[in-house]
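Inside the fold
If you want the building blocks of each chain, they are given just below.
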Amino acid sequence: MKVILETNRLYLREFMSADGFHFFHLNNDPDVIKYTGNDAFESLEDANNFIKNYADYKKNGFGRWAVCLRSTNEFLGWCGLKYEVENDEIDIGFRFYKKHWGNGYATEAAKACIQYGFNNLKISEIVGRAYKANIASIQVLKKCDLKLEKEFLYDNKPAYLYTIKK
Ligand SMILES: CC(C)(COP(=O)(O)OP(=O)(O)OC[C@H]1O[C@@H](n2cnc3c(N)ncnc32)[C@H](O)[C@@H]1OP(=O)(O)O)[C@@H](O)C(=O)NCCC(=O)NCCS
């Protein structure tokens, strides 16, 4: 297990093969994927393959990470950074099982990822995108001190681009 960082209540670690189970079940909840632009995995095998082929750590030196509770090791969801080659930007993203929403976990994890990005990875700017309708996500970005940069259409739906500089 490769732990990347720890916070008061959480640790973030690289994905491992058993996480395919969680990816399948996370994306199988319509409320969880509603504002993400993602679809459910067609099968557990597809989710397992997604994890098996996840190349960001090797390619970019960072990626999305599993977020687990320090007290129980329970997998809560994922959070982390993603290099987007098409616009040469690094994006902060998060997704948690619904039963864990509203406990401040996304904010705690995202703040730590942003600091890790600035201090350890020497990243100079991080962006966050959210559909206008995704109030919880926008709230997390604001609580992480990202500032509104512009409004745009994301897959033809109104969205915000937030940014934070080191
Ligand atoms: C977005 C998401 C990660 C937030 O996770 P979380 O752990 O519940 O987030 P936090 O508890 O740190 O913060 C959520 C904030 O949004 C607020 N919030 C949530 N729903 C809200 C609503 N409908 N109206 C107003 N505020 C709302 C919460 O009150 C909280 O703010 P507060 O601490 O100031 O009260 C979670 O909802 C999720 O997994 N959603 C599905 C995936 C997703 O949409 N990811 C983002 C794609 S851009």
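The coordinates are above.
So, here is what we can say about the structure in this document. On a predicted model such as this, the values are computed, not experimentally measured, just so you know.

Concerning helix 6 (residues 135–143)
Because an α-helix packs 3.6 residues into every turn, residues spaced three or four apart end up facing the same way. Among the residues making up helix 6, those that are buried are Ser137, Ile138, Val140 and Leu141. Each buried residue of helix 6 sits inside an arc of 160° when the element is viewed along its axis, so together they form one side. For helix 6, exposure combined with an orientation more than 90 degrees from the buried face picks out Ile135 and Ala136. On its buried face, helix 6 sits against strand 5 (89–96), helix 5 (105–119), strand 6 (125–131) and strand 8 (157–165). Phi turns positive one or two residues past the end of helix 6, at Asp145, with a value near 70°.

As for the pairing of strand 5
Burial of strand 5 is extensive: seven of the eight residues sit out of reach of the surface. When strand 4 (residues 75–84) meets strand 5, the two strands line up antiparallel, connected through eight bridges. For Tyr83, the partnering residue across the bridge sits in strand 5 and is Ile90. Connecting strand 4 to the next strand, strand 5, in antiparallel fashion are four residues, including Asp88 with a positive phi near 50°.

A few points about helix 5
An ideal rise of 1.5 Å per residue puts 21 Å on 15 residues; helix 5 measures up with 21 Å between its terminal C-alpha atoms. In terms of residue burial, helix 5 counts as a mostly covered element, since twelve of its 15 residues are buried.

A closer look at unusual backbone geometry
Positive phi, close to 50°, is recorded for Asp88, a residue that is not glycine. Position of Asp88 among the secondary structure elements: in the loop between strand 4 and strand 5. Since its relative accessible area comes to 56%, Asp88 is described here as exposed.

Structural notes on the pairing of strand 1 (residues 3–6)
As a general feature of sheets, a regular strand has side chains that alternate between the two faces. In this sheet, strand 2 (residues 10–13) lies alongside strand 1 in antiparallel orientation, the contact comprising three bridges. Its bridge partner lying in strand 2, Val3 is registered against Arg13. Between strand 1 and the antiparallel strand that follows it, strand 2, lie three residues.

Overview of the environment of His22
Mapping His22 onto the fold places it in helix 1 (residues 20–27). Between the C-alpha atom of His22 and that of Asn38, which follows or precedes it by 16 residues, the distance is 15 Å. Once residues within four sequence positions are removed from consideration, His22 is found in contact with Phe75 and Tyr97.

Brief notes about the site of the ligand
Taken together, 20 residues lie near the ligand, and Phe96, Gly102, Gly104, Thr107 and Lys143 sit nearest. Trp101 is positioned with one of its side-chain polar atoms (N or O) 3.1 Å from an oxygen atom of the ligand. Here an oxygen atom of the ligand and a side-chain polar atom of Asn134 are 2.9 Å apart. Considering the ligand on its own, with 960 Å² of exposed area, one finds that the protein chains cover 69% of that surface. For the shell around the ligand, the secondary structure elements donating two or more residues are strand 5, helix 5 and helix 6. For the shell around the ligand, the leading source of residues is helix 6, giving six residues. Residues belonging to the shell around the ligand are distributed by class as follows: nine nonpolar, eight polar and three charged.

Here we look at the state of the cysteines
According to the stated counting rule, one finds zero disulfides in the structure shown. For the unlinked cysteine Cys68, the closest cysteine sulfur is that of Cys79, found at 12 Å. Here Cys144 is not cross-linked by a disulfide; its sulfur's nearest cysteine counterpart is in Cys79, at 7.7 Å. Exposure remark for Cys144: the relative accessible area of 6% places this residue in the buried category.

About the criteria used
- Residues numbered from 1 in each chain as written.
- Predicted model: local features only at pLDDT ≥ 70, side-chain atom pairs only at ≥ 80, totals over all residues.
- Heavy atoms only, no water.
- Buried < 20%, exposed > 50% of the residue type's maximum accessible area, 1.4 Å probe, protein only.
- Helix = DSSP H or I, 4+ residues; strand = E, 2+ residues; numbered from the N terminus.
- Arc of directions from axis to C-beta.
- Contact = heavy atoms within 4.5 Å.
- Pairing = 2+ DSSP bridges.
- Expected span 1.5 Å × (residues − 1).
- Near = heavy atom within 4 Å.
- Polar contact = N/O pair within 3.5 Å; in protein donor to acceptor, adjacent residues only side chain to side chain.
- Areas by Shrake-Rupley, 256 points an atom, 1.4 Å probe, with all protein chains shown as cover.
- Nonpolar A, V, L, I, M, F, W, Y, C, P; charged D, E, K, R; others polar.
- Disulfide = S-S within 2.5 Å.

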